[in-house]
Structure formats: C-alpha cells, structure tokens
Amino acid sequence: MPVNLPAYQSVLTELQEKNALLVAVSKTKSEEDILELYHAGQRDFGENYVQELSDKQKNLPQDIRWHFIGHLQSNKVKYIAPFVHLIHGIDSEKLLKEVNKEAQKNNRTIDVLLQVHIASEETKFGWEPAGLLETVTPDFARQWPHLRIRGLMGMASFTDDTQKIHSEFQNLRQLFNRLAAQLPNFNILSMGMSADYKIALGEGSNLVRIGSLLFGSRA
Ligand SMILES: *Cc1c(COP(=O)(O)O)cnc(C)c1O
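Criteria and cut-off values
- Residues numbered from 1 in each chain as written.
- Predicted model: local features only at pLDDT ≥ 70, side-chain atom pairs only at ≥ 80, totals over all residues.
- Heavy atoms only, no water.
- Salt bridge = Lys/Arg side-chain N within 4 Å of Asp/Glu carboxyl O.
- Helix = DSSP H or I, 4+ residues; strand = E, 2+ residues; numbered from the N terminus.
- Buried < 20%, exposed > 50% of the residue type's maximum accessible area, 1.4 Å probe, protein only.
- Near = heavy atom within 4 Å.
- Polar contact = N/O pair within 3.5 Å; in protein donor to acceptor, adjacent residues only side chain to side chain.
- Nonpolar A, V, L, I, M, F, W, Y, C, P; charged D, E, K, R; others polar.

In total, this model carries 11 salt bridges according to the counting rule given. Put simply, lysine 101 and glutamate 98 hold a salt bridge, and the shortest N to O gap is 3.6 Å. Highlighted residues: lysine 101 and glutamate 98, both in helix 5 (residues 93-105), separated by 3 residues, approximately one helical turn. We note a salt bridge from aspartate 111 to arginine 148, for which the minimum N-O separation is 2.8 Å. With aspartate 111 in strand 5 (residues 110-116) and arginine 148 in strand 6 (residues 147-154), this pair connects stretches of sequence that are 37 residues apart. Relative accessible area serves as the criterion here: at 10%, aspartate 111 is assigned to the buried category. According to the relative accessible area criterion, arginine 148 is partly exposed, its value standing at 35%. If you follow the salt bridges from partner to partner, you end up with Glu47, Glu52 and Lys56 in one network.

Here it is in structure tokens:
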C-alpha cells in the first residue's frame, strides 16, 4: 500500500495549529515506505521492536530521529541506547536504571517518557496514575543522571465511547501538568494514535504517534 501523502499533509496542518509533533509509526513497514515519508520532510519515526528498529536505523538516513514506542525489555536496551532519540514506554524503575546505565556507557543523556496506564484494559503497560506524583519527585529524577524524564505517554482504551477517551486523556493531561510543575525539562505529552489523535489534541497532547493513517493498515 502506498504512503498516504495527502493524509500526512493534513495531519501536519492540524498539528501545526496545536504546536504538536508528529511521530510517524513505521513498525512492520518497509524502508521504502519510510523513505517516501522522509523525502516528504518527515524526520521523527516510531518503532516497537528492537531488532526491527536496529536494522532500519543502520540502513536509513542518519538524521532520522528514532522513537522507541513499544514495550522495552531491560536486556534489549543496549541495542538502541547508542542512537535512540526518545523512549516513550518506560514503565518501571528497573528500566530507568538500565537505560541510565546504557546511556552512561554510550556517553549520552537519553530522553525518556513515563508510560502511564490510563485505559481500562488490563493488558496495557504503564505506571498507575495513583501515587505517581509522590513517586516522581525531583529527588527521584536526580537518581538517573544520564536520563532526562521529559514527560508522559499514555494510550486510551480501545473503544467507540469518545467520552471515555476524552476523560482518560484529560486525566493524563492533569497528571502531566502537576508533574511539570515540580520537574525540570518536563514538557512532552505523548498521546493520540490514528483513531484518537484529534481527541488527544483537544485534550492537550503535544506529540501524536500515528501509523496506519499514514502507512495503511498493518498485516
Ligand atoms: C502501533 C502504535 C501506534 C500507532 O497506531 P496506529 O493506530 O497505527 O496509528 C501508536 N502508539 C503505539 C504505542 C503503538 O504501538
């Protein structure tokens, strides 16, 4: 399926009004598809699988900013630490510790987002919102000198109930605002995918992760 360039342009226009960033989610998509969007000007791409991301990073232009948006296992951090631009799915202290360690080895400071569990489904990863404000304090952030905790990421429930999606994103936005008031460099709110990015933008998202709308549905 060809890349949907008209959809790309119209998403960019919507995002511009909100000062929000587009991460084009290219998991399972070919390098040719990624290059097509790259040549249209896109530089931020998101991937879910470590092996796939490493291969693409080697083969594709080096000025692509790669976002890791999937569930990251501690033992795989080392493969992406040399180049990853932003890790969206940090869901445990163990993972923070590992990313900090690999960042240090690579002489880097790595930007990360904490993934928060806002959906009602059990299967989605993330920190529980309750208690996060008390956990993620400036002292907590200082434990990881090679990381910058830049914000939050969340996925809404998979549902047609738009009110529910609104309220889940709204809760995440409120938590984000309160954390932003107590932490430095905390300014990225990653929420919204193909099906719900308009709702997310309305609720204050400043980074959307969009795949199928741009690249077509995945097998
Ligand atoms: C796959 C994925 C997306 C993109 O989903 P689409 O519905 O194709 O836009 C966004 N965020 C995460 C975490 C994903 O895994």
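This next bit is on the site of the ligand. Neighbouring the ligand are 13 residues; Lys27, Ser194, Gly211, Ser212 and Arg218 lie closest to it. Separating an oxygen atom of the ligand from a side-chain N or O atom of serine 194 is a distance of 2.5 Å. Tallied by class, the residues present in the shell around the ligand amount to 6 nonpolar, 4 polar and 3 charged.

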